[in-house]
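# Residue-level structural notes
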Number of protein chains: 2
Amino acid sequence: MSTSERLIESTRELLWERGYVGTSPKAILERSGAGQGSMYHHFRGKPDLALAAIRRTAEELRATAAGVLDGPGSPYDRIEAYLRRERDVLRGCPVGRLTMDPDVIASDELRAPVDETLDWLRERLAGLVEEAKEEGRFAPELDAEEIAATIVATVQGGYVLARASGSPAAFDAGIRGLLALLRTAR
Amino acid sequence: MSTSERLIESTRELLWERGYVGTSPKAILERSGAGQGSMYHHFRGKPDLALAAIRRTAEELRATAAGVLDGPGSPYDRIEAYLRRERDVLRGCPVGRLTMDPDVIASDELRAPVDETLDWLRERLAGLVEEAKEEGRFAPELDAEEIAATIVATVQGGYVLARASGSPAAFDAGIRGLLALLRTAR
């Protein structure tokens, strides 16, 4: 792996574990094994390196989600597969957790990939909800964009419940509750 | 306000704004106007002060939620009132946001009031869902604890969506979607 790659991958890990505020340039250098000169040769500083790291994490999340959302089955099956897909629940969402980071939210540049990813996810899910409505799977009065926002919010909030309790059980309960509501929403 | 009070209130503000990792003892001293000796006279250090601050924030959140959950109306009305109550959405939840803080999650002592508060909220909501089921307002096959987890997760995840987009609209959409699902879940 090139030094630039090692810097980006180490920053991605640290952002997921400790957030932006909790990630010092020193910690990035230690984890990547890169020297300070090398870091400033490849990147203008912590914000620049974090932006590259966040963009890559956002791309990976989209690719993983697309693998399920574009997968086999009816629109409803794919929504269910998205909700049931295996997750490293106690680590939280590497993209969503950044919204609790004051320095990410204060920077339009760092916030942009976070916003775009969650927005993309809501739009893809809204498309599937709309298709499921056309197939008669959901009541016509349901608003597809609202249901999509509820789906993404339940997943993101599920991480909060799991991390608070130190167990994935609360995440799973929230997802099962949403699936039960979606099943009755014909 | 006593120095001890000023220290706790300043720590509460900083924890909400910047999290535990992002709050330095120096920032607490600056905001409270207290001296270092005074801080160490009242508290053993940042974890001890943070614990007092988190406990108080947790108590306030419970009191605010109880005001709606124990309020007038049917069990269903009170669930709806909880979901619709006014919130400072872009600031996020002062309790839930702490779950994204690695040093809070790593400490059983600091995590306890966060866990207890979200657990209490889920139990109170589960009780109302159970009552609403008995009144025939929800389908009998719905699991009250799962629906309660979905309700709390949607609120917590709604903050994530709002902060990502820089607007409360995504929070509101997620809540409206959940209310639509709850309305059809008879």
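Since the structure is predicted, the reported quantities are computational estimates derived from the model, not experimental observations.

### Some remarks on the UniProt feature "DNA-binding region" (unreviewed entry) in chain A
- What UniProt calls "DNA-binding region" (unreviewed entry) maps, in this numbering, to residues 24-43 of chain A.
- Here residues 24-43 of chain A runs as 75% helix and 0% strand, with 15 Å between its end C-alpha atoms.

### Description of a negative patch on the surface
All names here are of chain A.
- Residues E116, D119, E123, E130, E131, E134, E135, D143 and E145 make up a contiguous surface patch of negative charge.
- Tallying contributions element by element places helix α7 (residues 108-134) first for the negative patch, with six residues.
- Along the chain, the position of E116 falls in helix α7.

### A short note on the UniProt feature "domain: HTH tetR-type" (unreviewed entry) in chain A
- UniProt's entry tags residues 1-61 of chain A with the feature "domain: HTH tetR-type" (unreviewed entry), counted in the numbering of this structure.
- The distance from the first to the last C-alpha atom of residues 1-61 of chain A is 22 Å, and the span holds 77% helix and 0% strand.

### Quick word on the interface of chain A and chain B
- On the chain B side, the residues contacting the 47 residues of chain A number 47 residues.
- Across the chain A/chain B interface, buried area totals approximately 4000 Å², and carbon plus sulfur atoms make up 68% of it.
- When the buried area of chain A at its contact with chain B is split by residue, M100(A), R163(A) and L181(A) rank highest and sum to 18% of it.
- Along the contact surface separating chain A from chain B lie four salt bridges.
- The salt bridge partner of R176(B) is E146(A), with a shortest N-O separation of 2.7 Å.
- Summed over the shared surface of chain A and chain B, the number is 15 residue pairs in polar contact (both at pLDDT 80 or more).
- Mapped by element, the contributors of at least two residues to the side of chain A that touches chain B are α1 (3-18), α6 (102-105), α7, α8 (144-165) and α9 (169-184) of chain A.
- For the side of chain A that touches chain B, the element with the most residues is α8(A), which contributes 16 residues.
- Of the residues in the side of chain A that touches chain B, the class split is 22 nonpolar, 13 polar and twelve charged.

Thresholds, definitions, all that
- Residues numbered from 1 in each chain as written.
- Chains lettered and ligands numbered in written order.
- Predicted model: local features only at pLDDT ≥ 70, side-chain atom pairs only at ≥ 80, totals over all residues.
- Heavy atoms only, no water.
- UniProt positions renumbered as here; feature names shortened; annotations may be inferred.
- Helix = DSSP H or I, 4+ residues; strand = E, 2+ residues; numbered from the N terminus.
- Patch = residues over 30% accessible without salt bridge, like charges linked within 9 Å, V, L, I, M, F, W, Y side chains within 5 Å.
- Areas by Shrake-Rupley, 256 points an atom, 1.4 Å probe, with all protein chains shown as cover.
- Salt bridge = Lys/Arg side-chain N within 4 Å of Asp/Glu carboxyl O.
- Lys, Arg positive; Asp, Glu negative; His and termini not counted.
- Charge placed at Lys NZ, Arg CZ, Asp CG, Glu CD.
- Contact = heavy atoms within 4.5 Å.
- Buried area = accessible area lost by both parts, 1.4 Å probe.
- Polar contact = N/O pair within 3.5 Å; in protein donor to acceptor, adjacent residues only side chain to side chain.
- Nonpolar A, V, L, I, M, F, W, Y, C, P; charged D, E, K, R; others polar.

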